[in-house]
Amino acid sequence: MSRAYFRHQSTRMFENDFLEACSKVHPAVPILLYGPFTLGLLGWGLYTGRTTVGMSVLFVTLGLLTWIFMEYGIHRFFFHWEGKGPITRRVHEIAHGYHHKYPDDPQRLVMPPSASVPLALLIGGLLWLVGHPAQTLPYFIGIVWGYMTYDTIHWATHHHTPRTKWGKELRAHHMAHHFATPDRNFGISNRWVDILMGSGGRRARRPAKEASRQHVRPGEGSVVKP
C-alpha cells in the first residue's frame with residue numbers, strides 16, 4: 001500500500017475561509033484548553049468528596065489506558081477508512097487524508113477543538129449517565145489526559161528531532177506509517193499496541209526525493225511516492 005505525499009508544503013482544506021481557519025490549530029491549544037479544565041475538575045471532585053485520592057490514582061490510570069486503545073482504534077478504523085463514495089472519501093480527506101498528503105504542515109498536527117470538544121462531551125455525557133462519580137470522574141480525566149499526551153507526542157514527532165532512544169524509536173515507528181507502511185504502525189503515543197495487535201511494520205527509509213519547500217495548491221508542485 002502506498003500514498004502520494006508532499007514534503008514541507010501545505011494547501012487549503014476548505015474553500016470557505018471560516019472553515020479553513022478552524023482547521024488550523026496551534027499545538028498548545030489542547031493543553032491550554034483541557035489542562036486547566038481537567039485539573040479544576042479533579043480538584044473539585046476531591047474537595048467535594050465526589051471522589052478520593054485512591055480512586056483517582058486507579059481510575060485516571062485506567063482512563064489513560066483506555067485512551068491508548070481509543071487512539072489505536074480511531075486511527076486504524078476511522079481515520080484510515082475511506083469508504084466507497086464521494087462523501088465518505090471527503091470525510092476521510094478532512095479527518096486524516098490531508099495529514100498523509102501534507103505530513104509537515106505545522107498547523108494541522110493536533111486535533112482541532114471542533115473535533116475534540118464534541119468527542120469529550122460525548123464521552124463525558126455517557127459517563128455522567130452511568131453515574132458513580134467516584135470512579136467515572138477520574139476515569140474521564142484520565143481519558144482526556146491520554147488524549148492531550150497523544151496530541152503533544154504527535155506534534156513533537158513531526159516537528160522536533162528527538163534526542164532520547166525512546167523518542168527516536170517512536171519517531172521511526174510513526175514515520176514508517178507515513179512513508180513506508182501506511183497500513184501498519186497505527187500507535188502514535190506508543191508502539192506496544194501495534195505489537196499486541198500484530199500491526200507493527202518496518203521502519204521508514206529515507207525518501208529518495210523530497211518535494212520542493214514551497215506552498216502548493218492541489219495538482220501543483222512535486223510529489224513523492226513511497
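Above this text sits the structure in question.
Note that this is a predicted model, so its numbers are computed, not measured.

Attention now moves to the side chain of Ser 56. Along the chain, the position of Ser 56 falls in helix H3 (residues 53-79). A relative accessible area of 7% means that Ser 56 is categorised as buried. Within the structure, the side chain of Ser 56 is placed 2.8 Å from the backbone oxygen of Thr 52, a separation counted as a polar contact. Each residue touching Ser 56, except ones within four places of it in the same chain, is listed here: Leu 42, Leu 46, Thr 51, Thr 61 and Pro 138.

What follows deals with H3. Here H3 is 27 residues long and its end C-alpha atoms lie 36 Å apart, about the 39 Å a rise of 1.5 Å per residue gives. Buried within H3 are the following residues: Ser 56, Phe 59, Val 60, Gly 63, Trp 67, Ile 68, Glu 71, Tyr 72, His 75 and Phe 79. Structurally, H3 contributes buried residues whose contacts are with helix H2 (29-47), helix H4 (86-101), helix H6 (133-159), helix H7 (165-179) and helix H8 (192-197).

Counted at 1.5 Å a residue, the expected span for helix H5 (residues 113-130) with its 18 residues is 26 Å, and the 25 Å between its end C-alpha atoms agrees. Residues of H5 that are buried: Ser 116, Ala 120, Ile 123 and Leu 127. Take H5 and look down its axis: the buried residues cluster within an arc of 70°, on one side only. Exposed side of H5, more than 90 degrees from the buried face: Ser 114, Leu 121, Leu 122, Trp 128 and Leu 129 are the residues found there. Of the surrounding elements, those touching the buried residues of H5 are H2, H3 and H6. Of the residues flanking the end of H5, it is Gly 131, one or two places downstream, whose phi is positive at about 85°.

Attention now goes to the pattern of salt bridges. As enumerated under the stated definition, the model contains six salt bridges in all. Lys 24 serves as the salt-bridge partner of Glu 20, at 3.8 Å between the closest nitrogen and oxygen. Owing to a relative accessible area of 5%, Glu 20 belongs among the buried residues under this scheme. Arg 108 is the partner of Glu 20 in a salt bridge, and the nearest nitrogen-oxygen pair spans 2.7 Å. Residue Glu 20 is found in helix H1 (residues 17-22), and its partner Arg 108 is found in the loop between H4 and H5; the two are separated by 88 residues along the sequence.

All chains considered together, the criterion is met by eight aromatic pairs. A ring pair is formed by Trp 67 and Tyr 147, whose centres lie 5.8 Å apart and whose planes are at 80°; its orientation type is edge-to-face. One end of the pair, Trp 67, is in helix H3; the other, Tyr 147, is in helix H6, and 80 residues separate them in sequence. In this pair, the class of Trp 67 matches that of Tyr 147, namely buried.

Conventions adopted
Residues take numbers from 1 onward in each chain, read along the sequence in its written order. Whole-chain, interface and lining totals are the exception, using all residues; otherwise, since this is a predicted model, local features are given only for residues with pLDDT of at least 70 and side-chain atom pairs are given and counted only at 80 or more. Each side-chain value is worked out from all heavy atoms of the structure, with water and hydrogens disregarded. In this description a helix means any DSSP run of H or I spanning at least four residues, a strand means any run of E spanning at least two, and both kinds are numbered starting from the N terminus. When accessible area is computed with a 1.4 Å probe and restricted to protein chains, residues below 20% of their type maximum are described as buried, those above 50% as exposed, and intermediate ones as partly exposed. Pairs of N or O atoms within 3.5 Å make up the polar contacts considered here, provided that, within protein, one atom can donate a hydrogen while the other can accept it, and that residues adjacent in sequence are counted only when both atoms are side-chain atoms. Contacts were defined at the residue level, with two residues in contact if any of their heavy atoms lie within 4.5 Å. Helix span, as expected, comes to 1.5 Å for every residue beyond the first. Summarising the geometry, the arc corresponds to the directions from the helix axis toward the C-beta atoms. What counts as a salt bridge is simple: a side-chain nitrogen of Lys or Arg found within 4 Å of a carboxyl oxygen of Asp or Glu. Only Phe, Tyr and Trp rings take part, Trp by its six-membered ring, and two of them pair if their centres are within 6.5 Å. Stacked means planes under 30 degrees apart, edge-to-face means over 60, and tilted covers everything else.

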